[in-house]
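Structural description and commentary
Listed below are the residues making up each chain.
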Amino acid sequence: MKIWFDGKLVEKEEAKVSVFDHGTLYGDGIFEGIRFYNKRVFRLEAHMDRLYDCAHYLMLNIPYTKDVLSKAVCETVAASGLNDGYIRLVVTRGVGNLGLNPFNCPQPCVFIIADKIALYDPAVYENGLNLVTSSVRRNRADTICPQVKSLNYLNNIFAKMEAIRQGAAEALMLNDAGNVAECTGDNIFIVKNGTVITPPVTDGALDGITRRVVLEICTELGIPAVEKTINRFSITSADECFLTGTAAECVPVTDLDGYTIGSGKIGPVTARLLARFKELTQSTGTPVE
Ligand code: PMP
């Protein structure tokens, strides 16, 4: 397997991040998860825009232009020989000393991996996924802003462990007001009386690219969609519920903390959105070669 590492494709064994990298020492860095289908990278530009916005927030100067890095993503996918898969693009603060000061790290480290991914058991796409509410709150915007896709995922990891220990595949994360933020690696949507509802990103969600695609599909199909604060009651009383994320794609949710959501099966609106999402992934994207 070839990894794009600081400007060139190298063998997996040669792609090594320093123990003095502040990504390793402090979780100081950012990443993107991107999918490719039929050798076409889905929503590459949007992922790149988010990466550079996050880098700017961290005062991290990525030593490549968006154009160069986008080409590097395509090159990595081409070298993988895969038709479909997942790309992990990481930018760390780079090598520094043992102090916290990020300005002592002159050169960020950038690497790109293209590989297979299977996030959830295939059965959940047919039967729906169970969620549990985590006791761990999503970060507040004045801590590690949830809109930043940083290398600090510990809150989400704690929440994920809670879910897994309780036999659920994913955890619902609330914000400090007790309203729904998102899940540990996915955005959340509900459907109520024909309207698709998702919390605004200011309620503690990542501005997910898949979330944006679903909102676009709603417009295209004439399905009413709003960004609105929701709580656990909104979910238990919803007609339908589903999650979105690059790795997860679109996953129906049929249970929250033992409450059956709607009919307990994939609902009609979710099914329409999933079908159109699949069509888009199969028919659009940036060709890798
Ligand atoms: N929320 C979190 C916390 C995430 O890490 C992700 C990405 N895995 C998402 C939402 C979904 O975002 P996207 O659709 O851009 O992958």
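Residues numbered from 1 in each chain as written. Predicted model: local features only at pLDDT ≥ 70, side-chain atom pairs only at ≥ 80, totals over all residues. Heavy atoms only, no water.

The secondary structure content of the chain amounts to 8 helices and 16 strands. Against the compact-globule benchmark of 19 Å for 289 residues, the chain has a radius of gyration of 19 Å, which places it among compact chains. Expressed as lengths along the three principal axes of its C-alpha atoms, the size of the chain is roughly 55 × 40 × 30 Å. The buried share of the chain, taken over its 289 residues, is 51%. For the chain, the share of sequence-separated contacts (at least 6 apart) that also reach a separation of at least 24 residues comes to 71%. (Helix = DSSP H or I, 4+ residues; strand = E, 2+ residues; numbered from the N terminus. Rg over C-alpha atoms; globule rule 2.2 N^0.38 Å. Buried < 20%, exposed > 50% of the residue type's maximum accessible area, 1.4 Å probe, protein only. Contact = heavy atoms within 4.5 Å.)

Further remarks concern the sheet that holds strand S5 (residues 85-92). Judged by pairing direction, the sheet is antiparallel, and its 7 strands sit side by side in the order S2-S1-S6-S5-S3-S4-S16 without closing on themselves. Where the open sheet ends on each side, the last strands, each with one partner, are strand S2 (8-11) and strand S16 (286-287). Sheet topology note: the strand S1 (residues 2-5)/strand S6 (residues 109-115) ladder contains 2 bridges and is antiparallel. What sits directly across from Trp4, in S6, is Ile112. Helix-sheet contacts for helix H3 (residues 66-80) involve S1, S2, strand S3 (29-37), strand S4 (40-41), S5, S6 and S16, and the interaxial angle to S6 is about 35 degrees. (Pairing = 2+ DSSP bridges. Axes fitted to C-alpha atoms, helices over the stretch in contact; angles between N-to-C directions.)

The local shell around the ligand holds 17 residues, among which Tyr153, Glu182, Ile209, Thr210 and Thr246 are the closest. Contacts to the ligand include Arg50, whose side-chain N or O atom sits 2.8 Å from an oxygen atom. Thr246 has a polar side-chain atom sitting 2.6 Å from an oxygen atom of the ligand. Calculation on the ligand without its partners gives an accessible area of 390 Å², and the protein chains cover 95% of this total. (Near = heavy atom within 4 Å. Polar contact = N/O pair within 3.5 Å; in protein donor to acceptor, adjacent residues only side chain to side chain. Areas by Shrake-Rupley, 256 points an atom, 1.4 Å probe, with all protein chains shown as cover.)

This paragraph deals with helix H5 (residues 154-165). In this model, H5 (12 residues) spans 16 Å end to end at C-alpha, consistent with the 16 Å of a helix rising 1.5 Å per residue. Among the residues of H5, those classed as buried are Asn156, Ala159, Glu162 and Ala163. Along the axis of H5, the buried residues cluster in a sector spanning 120 degrees; they form a single face. Away from the buried face of H5 by more than 90 degrees, exposed residues Leu154, Ile164 and Arg165 are located. Tucked into the core, H5 has its buried residues touching strand S7 (129-133), strand S8 (170-174) and strand S9 (180-183). Just downstream of H5 lies Gly167, where phi reads positive at about 80 degrees. (Expected span 1.5 Å × (residues − 1). Arc of directions from axis to C-beta.)

With their axes 10 Å apart at the nearest point, helix H6 (residues 209-221) and helix H8 (residues 268-283) run at an angle of 110 degrees to one another. By the angle between their directions, the pair H6 and H8 is classed as roughly perpendicular. Contacts between H6 and H8 involve Thr210, Val213, Val214, Ile217, Cys218, Glu220 and Leu221 on the former and, on the latter, Arg272, Leu273, Arg276, Phe277 and Leu280. (Parallel < 35°, antiparallel > 145°, perpendicular 65-115°, else oblique.)

Moving on, we come to the state of the cysteines. Under the counting rule described, the total for this entry stands at 0 disulfides. Note on Cys105: no disulfide assigned, nearest cysteine sulfur contributed by Cys109 at a separation of 11 Å. The thiol sulfur of Cys218 is not disulfide-bonded, and the nearest other cysteine sulfur, from Cys250, lies at 10 Å. Using a relative accessible area of 0% as the deciding quantity, one classes Cys218 as buried. (Disulfide = S-S within 2.5 Å.)

Another point: helix H2 (residues 44-57). Compared with an ideal rise of 1.5 Å per residue, which puts 14 residues at 20 Å, H2 spans 20 Å between its outermost C-alpha atoms and is within 8% of the ideal. Buried within H2 are the following residues: Leu44, Ala46, His47, Met48, Arg50, Leu51, Tyr52, Cys54 and Ala55. Where H2 is buried, its residues contact S3, S4, H3, S5, H6 and S16. One or two positions beyond H2, positive phi appears at Met59, with a value near 55 degrees.

A surface patch of nonpolar side chains, amounting to about 670 Å² of accessible area, comprises Val19, Phe20, Leu25, Tyr26, Val95, Leu98 and Leu100. Residue classification places Val95 among the partly exposed residues on the basis of a relative accessible area of 44%. (Patch = residues over 30% accessible without salt bridge, like charges linked within 9 Å, V, L, I, M, F, W, Y side chains within 5 Å. Salt bridge = Lys/Arg side-chain N within 4 Å of Asp/Glu carboxyl O.)

Turning next to the environment of Tyr153. You can see Tyr153 is positioned in the loop between S7 and H5. Tyr153 sits in the partly exposed class, given a relative accessible area of 22%. Each C-alpha atom, one on Tyr153 and one on Gly27, is 8.7 Å from the other, the two residues being 126 residues apart in sequence. Polar contacts involving the side chain of Tyr153 include one to the side chain of Lys149, which spans 3.4 Å.

Taken as a whole, this structure holds 6 aromatic pairs when the rule is applied. When the centroid spacing of 4.9 Å and the interplanar angle of 5 degrees are considered together, the rings of Phe189 and Phe242 count as stacked. A residue pair is termed long-range when its members are at least 10 positions apart, and Phe189 in strand S10 (residues 187-192) and Phe242 in strand S13 (residues 240-245) qualify at 53 residues. In terms of burial, Phe189 and Phe242 fall into one category: buried. Here the aromatic cluster, defined as three or more aromatic residues joined through ring pairs, consists of Tyr37, Phe42 and Phe277. (Phe/Tyr/Trp six-rings, centres within 6.5 Å; stacked < 30°, edge-to-face > 60°.)

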